[in-house]
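Survey of secondary and tertiary structure
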Amino acid sequence: MLLFVKDKLVTTAFRRLLGLENHNMIVDRLPSIQGKKHLLDLNDRGLDVQAAQEKVYSFFLEIVQTQEPEDVLQEFKDLFINCLDSANPNSELGIYQIFVGSNEPEFRNTLKRTCYILINNWENRRKYKYIQKLIDSFAEYKPKNSSSCSRKINIFRAWLNNFINSKDCQELNLFAIRHEEKSKLHWTKRYSSYLLLAQSTDKNNPKEQQQAAKRLSKQLKDKFKFELAMYIARSQSAASNVNRYRNPSILGDEVLRLIKVIVVRKGVFSYENIANIFVKQTRSQNLHEFKHSLLKYLIYSVNHQGFTETLEQQLSHKLFRWKTDYDGVKIDKNLLLRACNKIIDCLISENGKEPSQLFILLLSKGNPLTLVITLLKIVLISKYSRRHLEMRIANIINYYENFQEEECDWVINFIEIFNITFAIYAENVEYNLIKMKDKSTQNQEKTNLDTYRIFSQLKLHSKE
């Protein structure tokens, strides 16, 4: 059966899904939004909220896979937004009828999960502009509060408005990040891959949100890796158009020298080789012995005396008091992971909400690269700690969200260097320095990085 709503052809699938297709059939002849009598008092018909929610999800999952995105988007707006527009006190409550006698969190969870069902499916079909339109529909909503409307209508308008101003909606906005110019974004949005990762690991989020966040986080990281590699290649070639590939960092042309500094340690004394040696030498140690070895490993070859002294003093105090009951236990993968995660907490954020004192103290000494390399050394011996590390960086970004960009230059500089360093060492692109033959530089020292060029290639085996 079909009916016309606002001059558009829509299905009655939603009403049938809720088992209401035989109720008040006269509404099939009503050419207005009030004609959607699938929006009935479901509680009166013995359908509990949880069952109704599942039917809502099934309905949108069906139509997003079978109908045009424009029609699906209109259906979403009619059910969740447009039904609250009428000033008629006798107007239908729309999908909100499900939540009569329920509570606001139930409504918010339903709205959230429905959004991510649509986002996931449109993402798979590359219908990105409809994701943007979905998010825009909330930005365009103008809440009303009319004395002529029923109390229920005004309550549900407040619920929708609360959602639009909530953290849930802020998280939703991250999925429009690819469509916005970087210069117009709040500085924290430049690091959305970390914020999305935090969404993907939050078990309180709907599974659709976790899936969508994980996918987009990886896409943004891959995009950064690709743009960095292409920028490096083009910027070192006089024959290429350097404007074709922009620098994905905000560090300017100095990023090239930074990469050379990071990559210069290769061969026997590379970070990877030292990490492999450390893992082999500590396999038979107990946790107490491992704590001593780990501390020595982290400060090994750090050429910054103030950093080294602070790191050793602060970490030894926290590390040796941690899990003392397990000190006699032989180190295994689980204890290795937990110990490395503990160090990450000490270095970044111990409570997952605010930066640790050690994080502020180390960066105040003005050498963020040294801290980043220390974090890299942790991940090189415990690759599964990387997710925990990126979660902690997300905590830092969230903490400084309400600060002006100028106040956060030191944090931003740290994150930029972190992005570049981990793109070089912990991803599937290998960077190498090649010394260029040039008569004018033959007598210069080997360590003069200006005589080297950076080359990149795909690794045969990704570390992820």
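Structure first, text after, so check above.
Predicted model, so just to flag it, every value in this text is computed and none were measured.

1. A closer look at the nonpolar core
Formed by 128 residues in total, the largest nonpolar core has its most connected members in Phe80, Phe138, Leu160, Phe175, Leu347, Leu375 and Ile420. Looking at this core, the element that brings in the most residues is helix 18 (residues 409-425), giving eleven residues. If near-sequence neighbours (up to four positions away) are discounted, Leu160 is found in contact with Phe80, Ile81, Leu84, Tyr96, Phe107, Leu111, Phe138 and Tyr141.

2. A word on the pattern of salt bridges
Evaluation of the coordinates by the stated rule reveals 16 salt bridges. Between Arg108 and Glu104 there is a salt bridge, with the nearest N and O atoms lying 3.7 Å from each other. Taken as a pair, Arg108 and Glu104 lie in helix 4 (residues 104-124) at a separation of four residues, close to a single helical turn. For Glu208, the salt bridge identified is with Arg113, shortest N-O distance 3.0 Å. Highlighted residues: Glu208 in helix 9 (residues 207-235) and Arg113 in helix 4, separated in sequence by 95 residues. Residues Glu208 and Arg113 agree in their burial class; the two are buried. Beyond isolated ion pairs, a larger network of salt bridges with shared partners links Glu104, Arg108, Lys112 and Asp168.

3. Description of helix 2 (residues 49-66)
In this model helix 2 runs 26 Å from its N-terminal to its C-terminal C-alpha over 18 residues, within 8% of the 26 Å that 1.5 Å per residue would give. Of all the positions in helix 2, only Val49, Ala52, Gln53, Val56, Tyr57, Phe59, Phe60, Ile63 and Val64 are classed as buried. For helix 2, the buried positions fall inside an angular range of 160° around the axis, keeping them on one side. Seen from the open side of helix 2, the exposed residues pointing more than 90 degrees away from its buried face are Gln50, Gln65 and Thr66.

4. Here's the deal with the packing of helix 4 against helix 9
Two numbers describe how helix 4 lies on helix 9: the axes approach to 8 Å, and their chain directions differ by 40°. Here helix 4 lies oblique to helix 9, going by the angle between them. Two packed elements cross with a definite hand, and for helix 4 against helix 9 that hand is left-handed. Counting all contacts with helix 4, which are made through Lys112, Arg113, Tyr116, Ile117, Ile119, Asn120, Glu123 and Asn124, the residues of helix 9 involved are Lys207, Glu208, Gln209, Gln211, Ala212, Arg215 and Gln219. A class-by-class count of the residues in the contact of helix 4 with helix 9 yields four nonpolar, five polar and six charged.

Thresholds, definitions, all that
- Residues numbered from 1 in each chain as written.
- Predicted model: local features only at pLDDT ≥ 70, side-chain atom pairs only at ≥ 80, totals over all residues.
- Heavy atoms only, no water.
- Core = buried A, V, L, I, M, F, W, Y, C linked by side-chain atoms within 4.5 Å.
- Buried < 20%, exposed > 50% of the residue type's maximum accessible area, 1.4 Å probe, protein only.
- Helix = DSSP H or I, 4+ residues; strand = E, 2+ residues; numbered from the N terminus.
- Contact = heavy atoms within 4.5 Å.
- Salt bridge = Lys/Arg side-chain N within 4 Å of Asp/Glu carboxyl O.
- Expected span 1.5 Å × (residues − 1).
- Arc of directions from axis to C-beta.
- Axes fitted to C-alpha atoms, helices over the stretch in contact; angles between N-to-C directions.
- Parallel < 35°, antiparallel > 145°, perpendicular 65-115°, else oblique.
- Left-handed = near helix turned anticlockwise from the far one by under 90°.
- Nonpolar A, V, L, I, M, F, W, Y, C, P; charged D, E, K, R; others polar.

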